[in-house]
Amino acid sequence: MTPFVVALLSATFLREPIPPYTGRAITLSLMGTLLMMSGNMGQAGMHLALTPADWIGIALAFVSTLSLAVYMIIVRRTVLDDVADQAILLVQAVTLLSMSALLSFLLGEDWSHWRAIGPTDWLIFAAFSLGVLLLSNMSQIKALQHLGAPLVSSLLAWRLVSALLVAALLLGERLTSPWQGIGALMVLLTVTWYLWRQRGDHEEVL
């Protein structure tokens, strides 16, 4: 739902035009996402392969949607105020570390595991911290500043497909039905078509 919220907030507060075909791309991507989360589809219709815990996760995701949308809008706004990328990343890192530490303290998590892990574990942690958190967030900040929040948010469906691919390689978790494969293909084709259309419209303007 984040693309809808981002597009609405951008148009309302920043007067930023919504890229062409955004509505169609979002609709098709959401349909593909539903298929990817579905189980078997028979005469009774589509069955979502979700457990009660999954529904709790979806509810929490809806709560975070507005926060993510506001974050994208704020990062995009920094272009107008000429804020350095490093400053944005620093604020984000401090916020994440502070909130994570506070929640860990409130939940009473056991930190003794950090003394038991070996060199390989520390290398994996460093790769995650530098590769995933640092580089990915910096890339996202750059994309938001140059492409705009509506366009970037429309590409969020890629995260679900990429997560499925990596999960298949590292965890052995794979799609279990042809409908899920169709949903993943629908997301990939929709995003590719959307980017191609944006490129074509941009060249026409030039």
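Just so you know, these numbers come straight off a predicted model, no measurement behind them.

Cut-offs used in this document
- Residues numbered from 1 in each chain as written.
- Predicted model: local features only at pLDDT ≥ 70, side-chain atom pairs only at ≥ 80, totals over all residues.
- Heavy atoms only, no water.
- Helix = DSSP H or I, 4+ residues; strand = E, 2+ residues; numbered from the N terminus.
- Buried < 20%, exposed > 50% of the residue type's maximum accessible area, 1.4 Å probe, protein only.
- Contact = heavy atoms within 4.5 Å.
- Areas by Shrake-Rupley, 256 points an atom, 1.4 Å probe, with all protein chains shown as cover.
- Patch = residues over 30% accessible without salt bridge, like charges linked within 9 Å, V, L, I, M, F, W, Y side chains within 5 Å.
- Salt bridge = Lys/Arg side-chain N within 4 Å of Asp/Glu carboxyl O.
- Expected span 1.5 Å × (residues − 1).
- Phe/Tyr/Trp six-rings, centres within 6.5 Å; stacked < 30°, edge-to-face > 60°.
- pLDDT = per-residue confidence, 0-100.
- Core = buried A, V, L, I, M, F, W, Y, C linked by side-chain atoms within 4.5 Å.
- Polar contact = N/O pair within 3.5 Å; in protein donor to acceptor, adjacent residues only side chain to side chain.
- Axes fitted to C-alpha atoms, helices over the stretch in contact; angles between N-to-C directions.
- Parallel < 35°, antiparallel > 145°, perpendicular 65-115°, else oblique.
- Left-handed = near helix turned anticlockwise from the far one by under 90°.
- Nonpolar A, V, L, I, M, F, W, Y, C, P; charged D, E, K, R; others polar.

Q: Lay out the overall build of the protein chain in plain terms, naming residues and giving numbers.
A: Broken down by element type, the protein chain carries eight helices and two strands. Reading the helices (α) and strands (β) of the protein chain from amino to carboxyl end gives α-α-β-β-α-α-α-α-α-α. Going through the 206 residues of the protein chain one by one, you find that 27% of them count as buried. Long-range pairs, those at least 24 residues apart, make up 78% of the contacts in the protein chain with a sequence separation of at least 6. With an accessible surface of roughly 13,900 Å², the protein chain has 72% of that area assigned to carbon and sulfur atoms.

Q: Could you give an account of a nonpolar patch on the surface, with specific residues and numbers?
A: Together, Met99, Leu102, Leu103, Phe105, Leu106 and Leu107 make up a nonpolar patch on the protein surface, roughly 690 Å² of accessible area in all. Within the element layout of this structure, Leu102 appears in helix α4 (residues 85-107).

Q: Tell me about helix α5 (residues 119-147), and name the residues and values.
A: Over its 29 residues, α5 runs 40 Å from end to end, which matches the ideal 42 Å to within 8%, given 1.5 Å per residue. Of the positions making up α5, those classed as buried are Asn137, Ile141, Leu144 and Gln145. Following α5 by one or two positions, Gly148 adopts a phi angle in the positive range, close to 100°.

Q: So what's going on with the environment of Met31? Which residues, and what values?
A: With respect to the helices and strands, the residue Met31 is situated in helix α2 (residues 22-36). Residues Met31 and Gly183 lie 152 residues apart in sequence; the distance between their C-alpha atoms is 7.2 Å.

Q: Got a sec to walk through the side chain of Thr190? Specific residues and values, please.
A: Secondary-structure assignment places Thr190 in helix α8 (residues 178-205). The residues contacting Thr190, other than those within four sequence positions of it, are Ala25, Leu28 and Ser29.

Q: Would you mind going over the packing of aromatic side chains in detail, with residue names and values included?
A: For the structure on display, the rule yields three aromatic pairs. The interplanar angle of 40° and the centroid separation of 5.6 Å between the aromatic rings of Trp114 and Trp122 together place this pair among those described as tilted. Classification of Trp114 as partly exposed rests on a relative accessible area of 39%. Judged by relative accessible area, Trp122 falls into the partly exposed class, the value being 40%. Through a chain of ring-to-ring contacts, three or more aromatic side chains come together here, namely Trp114, Trp122 and Phe125.

Q: I'd love a proper account of the confidence of the model for the protein chain, names of residues and values included.
A: Reading fine detail from the predicted coordinates is not recommended where pLDDT is low. For the protein chain, the average pLDDT comes to 77, and 84% of its residues sit at 70 or higher. Predicted confidence in the protein chain is weakest over strand β2 (residues 45-48), with a mean pLDDT of 53, and strongest over α4, with 85.

Q: Give me the lowdown on the nonpolar core, citing residues and values where you can.
A: Soluble globular proteins tend to pack their nonpolar side chains together in the buried interior. Core analysis: the largest hydrophobic core is formed by 11 residues, namely Val6, Leu9, Ala69, Met72, Ile73, Val75, Ile88, Leu89, Ile141, Leu144 and Val152. If you list the elements that add at least two residues to this core, you get α1 (2-14), α3 (52-81), α4 and α5. Broken down by element, this core gets its largest block of residues, four residues, from α3. In this view, Val75 contacts Ile88, Ile141, Leu144 and Gln145; residues no more than four positions away in its chain are not counted. In terms of nonpolar packing, the next biggest core, distinct from the first, is built from five residues, Met36, Val161, Ala184 and Val187 among them.

Q: Which residues make up the side chain of Gln92, and what are the values?
A: Looking at where Gln92 falls in the secondary structure, it is placed in helix α4. Side chain to side chain, Gln92 and Tyr71 meet in a polar contact 2.8 Å long. In this structure, Gln92 is in contact with Tyr71, Asn137 and Ile141, ignoring residues within four places of it in sequence.

Q: How would you sum up the packing of α4 against α5? Please name residues and give values.
A: Angle between the axes and distance between the axes are the two parameters that describe a pair of packed helices. The geometry of α4 relative to α5 is characterised by a closest axis approach of 10 Å and an angle of 125° between their N-to-C directions. One finds that α4 runs oblique with respect to α5. As α4 packs across α5, the resulting crossing turns out to be right-handed. Of the residues in α5, those touching α4 at Asp85, Ile88, Leu89 and Gln92 are Leu134, Asn137, Met138, Ile141, Lys142 and Gln145. Classifying every residue of the contact of α4 with α5 gives five nonpolar, three polar and two charged.

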